[in-house]
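Close look at the chain arrangement
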Amino acid sequence: MIARLRRAYRGMRLGTRLALGLGALSLVVFAVVGTALTTYMRDYLSAQLDTQLAQAQIAQSKSIAEYGTLSGKKYYSWFYAVYDVSDGTPELRRPEDPADLPEDVDDFTALASAQSAARTELLRTEHLRGVGTYRLRACEVEPGVILVSAAPMEDIEDTVGQLITIQVVTFALALLALVVFGRRMLRRGLKPLSDMASTAHGIASHDLTESAARLPLRADGRDGGPEVDELRTAFNTMLEHIDDSLAVRAEAEQRLRRFVADASHELRTPLMSVRGYADLFQYAAANAPEERDRHLARLRAEAARMGILLDDLLLLARLDAAEVEAPLRCEDADLVDLVQQAADAFRAGRPDHPLTVTAGPEALKVRLDPQRLRQVLDNLLANAAVHTPPGTPVSVDVTVASGTALVRIADAGPGIPPEDQERVFDRFYRVDKARSRDRGGSGLGLAVAHSLVRAHGGRIELNSEPGATVFTVRLPLDGAALPAAPGPETTAV
């Protein structure tokens with residue numbers, strides 16, 4: 001039975017449980033208050049009756065001493081017994097009226113005997129057979145004479161009983177009102193928690209498997225007090241974090257799908273070329289031997305192109321997993337010398353683009369991976385040549401500012417549209433969608449450069465407008481990573 005009640009209690013809502021707990025606590029308080037009030041009232045009425053007995057016996061003692069009678073000094077329903085005491089043994093006088101004594105006077109005689117021995121007034125409460133509970137008082141009228149008076153306690157018991165009845169009814173009504181209205185108030189006070197629970201259920205039923213899943217639900221309202229407001233704020237903050245995480249996950253999934261699609265497309269083109277030239281090579285080997293060398297050269301070119309693409313993808317994967325595998329082999333190198341080497345290679349390979357190099361310091365020692373940073377410079381210079389018409393001037397300058405080494409690569413080409421500037425560092429992204437892959441590359445050059453600079457603790461900034469496009473590479477001189485720049489990381493920082 002107790003176990004069943006416990007299970008039923010645990011199954012109740014919090015508001016009901018709090019209301020019942022408040023009712024039980026109130027019941028204990030009411031019981032303590034009622035008991036104290038009843039005890040105090042009983043003691044007070046008993047003291048009043050004792051005082052009345054004492055005052056009555058004073059007058060009765062004078063009447064007995066002067067006239068030997070109690071005439072005119074009696075109270076309705078009281079009992080009176082006069083004893084003559086000789087040798088410590090009380091002897092009952094004949095009553096003036098038979099109604100002055102109950103049928104059983106043993107309690108009167110015992111009290112008179114005790115008073116003669118104690119020689120002081122005595123009070124007792126006794127239940128007299130056939131008449132009820134009485135308050136007895138014995139006093140000495142004169143030497144050898146003892147008066148025992150008995151007053152009924154029926155009025156006190158009736159008063160105390162009525163008081164208990166009133167208390168029980170009043171406390172029961174108050175307890176019922178407290179539980180009913182208290183439950184309503186508690187339910188109203190706990191409504192914000194119920195709303196948050198409903199919001200949580202709504203989130204649980206929300207499909208989070210979709211790639212663009214969002215959490216539109218929030219815990220609203222301003223009721224419940226500071227504690228509930230604090231919980232609501234924490235709850236909404238948690239939902240915001242979850243929502244942001246879902247958005248990041250959805251974006252990452254979209255980028256992954258786009259990356260896989262682009263990578264598959266980019267790899268499919270050279271593979272198709274390899275297959276086609278392989279068929280031509282097989283045909284030439286059988287029918288036109290003079291064509292074999294040309295087809296074999298094309299096979300090697302397509303394989304080399306595919307190898308470069310795969311190398312870039314592998315490098316990006318290693319940079320993404322830099323915590324697991326360090327992609328750089330850093331050493332102290334001269335940045336100015338690296339820029340000069342990249343410029344010489346650019347002049348040799350791109351003679352149709354005049355290049356100007358402005359090196360501020362004669363030498364600038366920076367801790368970096370020379371091979372990877374040279375790859376960054378080559379990619380940025382190649383990007384300037386590929387996306388500008390022949391004859392467009394290109395410039396490179398090296399400076400130092402605020403403990404940072406800066407390499408600026410600028411061209412006077414048509415510039416990059418604003419809507420494309422935020423995505424130029426995305427993998428496989430090309431500003432000119434119609435440009436052929438033979439001229440425009442695979443779209444990994446800037447992505448590789450961006451990732452390599454970040455791996456060095458630096459960042460790339462882009463500022464572009466018609467007639468001027470500037471890529472700025474910032475590298476820390478002290479080896480510490482540069483702080484993140486405001487705004488999107490793929491745009492000017």
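No experiment lies behind these values; they were computed from the predicted model shown.

What about the overall build of the protein chain?
- Counting its secondary structure elements, the protein chain contains 12 helices and 12 strands.
- Expressed as a percentage of the 493 residues in the protein chain, the buried residues total 36%.
- Considering only contacts within the protein chain whose residues lie at least 6 apart along the sequence, 63% involve residues at least 24 apart.
- Accessible surface, the protein chain: about 28900 Å² in total, of which carbon and sulfur atoms supply 55%.

Some thoughts on the packing of aromatic side chains
- Under the criterion given, the structure shown has six aromatic pairs.
- Aromatic pair Tyr40 and Tyr44: ring centres 6.3 Å apart, planes at 20°, arrangement stacked. A residue pair is termed a helical-turn pair when its members lie 3 or 4 positions apart in one helix, as Tyr40 and Tyr44 do in helix α2 (residues 14-67) at four residues.
- The class of Tyr44 is partly exposed, set by a relative accessible area of 41%.
- Relative to Tyr134, the ring of Phe79 has its centre 5.1 Å away and its plane inclined at 35°; by these criteria the two rings are tilted. Taken together, the residues span a long stretch of sequence, with Phe79 in strand β1 (residues 79-86) and Tyr134 in strand β4 (residues 132-142) at a distance of 55 residues.

Thoughts on the pairing of strand β5 (residues 145-152)
- Across the eight residues that make up β5, a large majority, eight, are buried.
- Alternating residues of β5 divide into Val145, Leu147, Ser149 and Ala151 and Ile146, Val148, Ala150 and Pro152, and every residue in both groups is buried.
- Note that β1 and β5 share six bridges and pair antiparallel. Following the sheet pairing, Val82 is matched in β5 by Leu147.
- Here eight bridges tie β4 to β5, and the two strands are oriented antiparallel to one another. In the sheet register, Tyr134 faces β5, and the bridge partner there is Pro152.

Regarding a nonpolar patch on the surface
- A cluster of nonpolar side chains, namely Leu22, Leu25, Val29 and Val33, defines an oily patch on the protein surface of about 330 Å² accessible area.
- As for its placement among the helices and strands, Leu22 is situated in helix α2.

Quick look at the sheet that holds β5
- Across the sheet, which stays open at both edges, the five strands sit in the order β2-β1-β5-β4-β3 with antiparallel pairing between neighbours. The sheet is open, and its two edges are formed by β2 (89-92) and β3 (122-128), each paired on a single side. Each strand of the sheet is rotated relative to its neighbour by a mean of 30°, with strand direction disregarded.
- Of the strands in this sheet, β1, β2, β3, β4 and β5 are in contact with helix α3 (residues 106-118), which crosses β3 at around 165°.

Points about the environment of Ile64
- By secondary structure assignment, the location of Ile64 is in helix α2.
- Ile64 sits 83 residues away from Leu147 along the chain, and the two C-alpha atoms are 9.1 Å apart.
- Ignoring sequence-local partners within four residues, the contact set of Ile64 consists of Thr69, Leu70, Val82, Arg93, Val141 and Leu147.

Notes on helix α8 (residues 335-349)
- An ideal rise of 1.5 Å per residue puts 21 Å on 15 residues; α8 measures up with 21 Å between its terminal C-alpha atoms.
- When α8 is considered as a whole, its buried residues turn out to be Leu335, Val336, Leu338, Val339, Ala342, Ala343 and Phe346. Across the axial projection of α8, the buried residues extend over an arc of 155°, all falling on one side.
- Backbone nitrogen of Val336 and a side-chain oxygen of the N-cap are separated by 3.1 Å at the start of α8; the cap is Asp334.

Topic: the packing of helix α9 (residues 370-386) against helix α12 (residues 445-455)
- At a closest axis distance of 9 Å, the pairing of α9 and α12 adopts a crossing angle of 145°. For the crossing formed where α9 meets α12, the hand is left-handed. Across the interface between the two elements, Arg372, Gln375, Val376, Asn379, Leu380 and Asn383 of α9 pack against Gly445, Leu446, Val448, Ala449, Leu452 and Val453 of α12.
- Considering only residue class, the contact of α9 with α12 consists of seven nonpolar, four polar and one charged.

Section: the pattern of salt bridges
- Tallied over the full model, the rule gives 11 salt bridges.
- With a closest N to O distance of 3.5 Å, Asp332 and Arg367 form a salt bridge. Separated by 35 residues along the polypeptide, Asp332 in strand β6 (residues 331-334) and Arg367 in strand β8 (residues 365-368) bring together distant segments of the chain. The burial state of Asp332 is the same as that of Arg367; both residues are exposed.
- Among the salt bridges present, the one from Asp397 reaches Arg408, with a minimum N-O distance of 3.8 Å. With Asp397 in strand β9 (residues 394-401) and Arg408 in strand β10 (residues 404-411), this residue pair connects regions lying 11 residues apart in the sequence.
- One network of salt bridges, in which partners are shared, links Lys74, Glu96 and Asp100.

Looking at the nonpolar core
- In terms of nonpolar packing, the biggest core is built from 45 residues, with Leu335 and Val407 touching the most fellow members.
- Excluding residues within four positions of it along the chain, Leu335 makes contact with Leu364, Val366, Leu368, Leu373, Val398, Ala405, Val407 and Leu475.
- One finds Tyr80, Cys139, Val141 and Val160 within the second-largest nonpolar core, a separate group that totals 17 residues.

Overview of the pairing of β9
- Bridging between strand β7 (residues 355-359) and β9 involves five bridges; their strand directions are parallel. From the neighbouring strand, Thr356 faces β9, where its bridge partner is Ser395.
- Relative to β10, β9 is paired through eight bridges, and the arrangement is antiparallel. Bridging across to β10, Val400 finds its partner in Ala405.
- Following β9, the chain reverses through two residues before pairing antiparallel with β10; Ser402 in that reversal takes a positive phi of roughly 55°.

Quick look at the sheet that holds β7
- Spatially, β7-β9-β10-β12-β11 is the arrangement adopted by the five strands of the open sheet, whose pairing is mixed. Of all the strands in the sheet, the pair left with one neighbour each is β7 and β11 (459-465). Neighbour-to-neighbour, the strand axes of this sheet turn through a mean angle of 15°, independent of strand direction.

Description of the confidence of the model for the protein chain
- For the protein chain, the average pLDDT comes to 79, and 79% of its residues sit at 70 or higher.
- Confidence drops under a pLDDT of 50 for residues 434-440, and excluding neighbours within four residues, the segment shows 14 contacts in the predicted structure.
- Every residue in residues 486-493 scores below 50 in pLDDT, and together they form 23 contacts with partners more than four places removed in sequence or on other chains.

About the thresholds
Residues numbered from 1 in each chain as written. Predicted model: local features only at pLDDT ≥ 70, side-chain atom pairs only at ≥ 80, totals over all residues. Heavy atoms only, no water. Helix = DSSP H or I, 4+ residues; strand = E, 2+ residues; numbered from the N terminus. Buried < 20%, exposed > 50% of the residue type's maximum accessible area, 1.4 Å probe, protein only. Contact = heavy atoms within 4.5 Å. Areas by Shrake-Rupley, 256 points an atom, 1.4 Å probe, with all protein chains shown as cover. Phe/Tyr/Trp six-rings, centres within 6.5 Å; stacked < 30°, edge-to-face > 60°. Pairing = 2+ DSSP bridges. Patch = residues over 30% accessible without salt bridge, like charges linked within 9 Å, V, L, I, M, F, W, Y side chains within 5 Å. Salt bridge = Lys/Arg side-chain N within 4 Å of Asp/Glu carboxyl O. Axes fitted to C-alpha atoms, helices over the stretch in contact; angles between N-to-C directions. Expected span 1.5 Å × (residues − 1). Arc of directions from axis to C-beta. Polar contact = N/O pair within 3.5 Å; in protein donor to acceptor, adjacent residues only side chain to side chain. Left-handed = near helix turned anticlockwise from the far one by under 90°. Nonpolar A, V, L, I, M, F, W, Y, C, P; charged D, E, K, R; others polar. Core = buried A, V, L, I, M, F, W, Y, C linked by side-chain atoms within 4.5 Å. pLDDT = per-residue confidence, 0-100.

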